[in-house]
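Fold and geometry: a report
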Amino acid sequence: MLSGLSAWFWQEQLWFPEGLGWADLEDRDGRVYAKARDLWVALPIAFIFLIIRQIFERTVATPLASLLGVKETIRLKATPNVALESYYCKVAKNPTPSSIGSLTKQTGFPERQVQRWFRRRRNQDRPSLLKKFREASWRFTFYLLAFIAGLAALIDKPWLYDLKEMWEGFPVLTLLPSQYWYYMIELGFYSSLLFSVASDVKRKDFKEQIIHHVATILLISFSWCVNYIRAGTLIMLVHDSSDYFLESAKMFNYAGWRNACNYIFIVFAAIFIVTRLFVFPFRIIYCTWVYPVTIYKPFFGYYFFNGLLMILQCLHIFWAVLIIRMAVRFLTSNEKVDDARSDKDETDESEEEEEVGKDMKKNGPVQNGHSVHNNNHSKTA
């Protein structure tokens, strides 16, 4: 059964234009071509990335966070309570009004105290500022190095300047060492992101991120198997061109460097819009969707490849809407840019009032009518 399924999956009419097949990609005369079995190399690379990330976060990101002044928010812990903890873990993290009434009778606590307990308990589960900074600095480092490496690998290639050149001689395109490592490292990195998704900071677009990672891995793998490598390298370069700006903006955001964060974010927004909403659809997708049918008849691989590109483009539009909203808010009101996808700490005015009261008893009147401490307020995403 497995052999039959494998034979069906790898049949040439699914992967190649009419008249071409796997025999055309056999190594000969010193010319090397991409092969599906090469993709297994990405798995050990992904695990190496996971190890390097742990070392990087401890030895580089943490000291850098301290240097930039990243300060942790002091969170008030929820008082241990068996009944409330059981409801929180097994039923819901946000109890309904009727459930709060039931829990009030069960615990003997006032309704406000129950609500406060759940707010504090939810805040305990949210990732710390240092964790967010470590993750952003790791991604910033990779995206920046990947963009520089990709640019160095493509700077002297004719298809970087004339996109039609990506199909010249297709599919008999010789594999270059720079293309091999560019592909394997990118595939290994996105695989490592998929492996670490359970422990990474979860944002409101968590599902979209999963779709993006899966679509990217499929796109890289498929383009490798059918020798769409020239198109694949261009797509990866376009995506890496703006991502490191976003991650650096996050880093300055977590450090409280407001102006640096805002201006870097504006640069990121401009590059993102140009590359993802103009270059990607009107240049790259045009040359993968429109131009190839002038050379050969459409086949399954042609539709599958472009289908993955359209999924990515839909995600680009989704994220562009969020980015434009944040950019407009900053440009019109000079507000601090916050990541709309982040799950922010919940503030509790009653808790702040309690803290003010304690400070007044201990230290006297507070200055300017404000408490010196704001223990449950997060200034960043």
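Residues numbered from 1 in each chain as written. Predicted model: local features only at pLDDT ≥ 70, side-chain atom pairs only at ≥ 80, totals over all residues. Heavy atoms only, no water.

What to know about the side chain of Glu57
Operational definition: Counting from the N terminus, the helices are the DSSP runs of H or I reaching at least four residues and the strands are the DSSP runs of E reaching at least two. In this scheme, a residue with accessible area under 20% of its type's maximum is buried, one over 50% is exposed, and one in between is partly exposed, where area comes from a 1.4 Å probe on protein chains only. Contacts: residue pairs with any heavy atoms within 4.5 Å of one another.
Structurally, Glu57 can be placed in helix H3 (residues 42–68). For Glu57, a relative accessible area of 10% corresponds to the buried category. The contacts of Glu57, once residues within four sequence positions are left out, are Thr62, Arg134, Glu135 and Trp138.

Re empty space enclosed by the protein
Stated precisely, the cut-off is as follows: Site definitions follow a grid-based scheme: protein atoms alone, a 1 Å grid, a 1.4 Å probe that fits but cannot get out for cavities, and for pockets an open set with protein on both sides within 12 Å along at least five of seven lines, plus lining residues having an atom within 4 Å of a point. Grid points are joined across faces, edges and corners, and a volume is the space filled by probe spheres set on the points. Charged residues are taken to be Asp, Glu, Lys and Arg, nonpolar residues to be Ala, Val, Leu, Ile, Met, Phe, Trp, Tyr, Cys and Pro, and polar residues to be all remaining types, Gly included.
Applying the stated criterion across every chain, the model contains 4 cavities of 30 Å³ or more. Considering only enclosed or pocket space, the second largest cavity measures out at about 130 Å³ in volume. Every element with two or more residues in the lining of the second largest cavity is listed here: helix H8 (177–195), helix H9 (206–225) and helix H10 (229–255). Its residues assigned to classes, the lining of the second largest cavity shows 7 nonpolar, 5 polar and 2 charged.

Considerations on unusual backbone geometry
If a residue is not glycine, its phi is most likely negative; likewise, a peptide bond is most likely trans. Positive phi outside glycine occurs at Asn227, with the angle close to 65 degrees. Residue placement: Asn227 occurs in the loop between H9 and H10.

Re the confidence of the model for the protein
What counts is decided by this rule: Each residue gets a pLDDT score, which is the predictor's confidence in that residue and runs from 0 to 100.
When pLDDT is averaged along the protein, the result is 79; 82% of the residues meet or exceed 70. When mean pLDDT is taken per element in the protein, H3 scores highest with 93 and helix H13 (residues 349–363) scores lowest with 42. Residue range residues 349–381 is modelled with pLDDT below 50. Its contacts to residues more than four positions away, or to other chains, number 49 contacts.

Some thoughts on the nonpolar core
Note the cut-off: Here, the term nonpolar core denotes a set of buried Ala, Val, Leu, Ile, Met, Phe, Trp, Tyr and Cys residues that are joined through side-chain atoms within 4.5 Å.
Among the nonpolar cores identified, the biggest contains 61 residues, and Met166, Phe189, Trp224, Tyr228 and Phe305 are the most heavily contacted of them. Where this core is concerned, the elements lending two or more residues are helix H2 (12–15), H3, helix H7 (129–154), H8, H9, H10, helix H11 (258–289) and helix H12 (300–333). Beyond its immediate sequence surroundings of up to four residues, Phe189 is in contact with Phe49, Trp138, Phe142 and Tyr143. With 15 residues, the next largest nonpolar core counts Ile264, Phe268, Leu277 and Trp319 among its residues.

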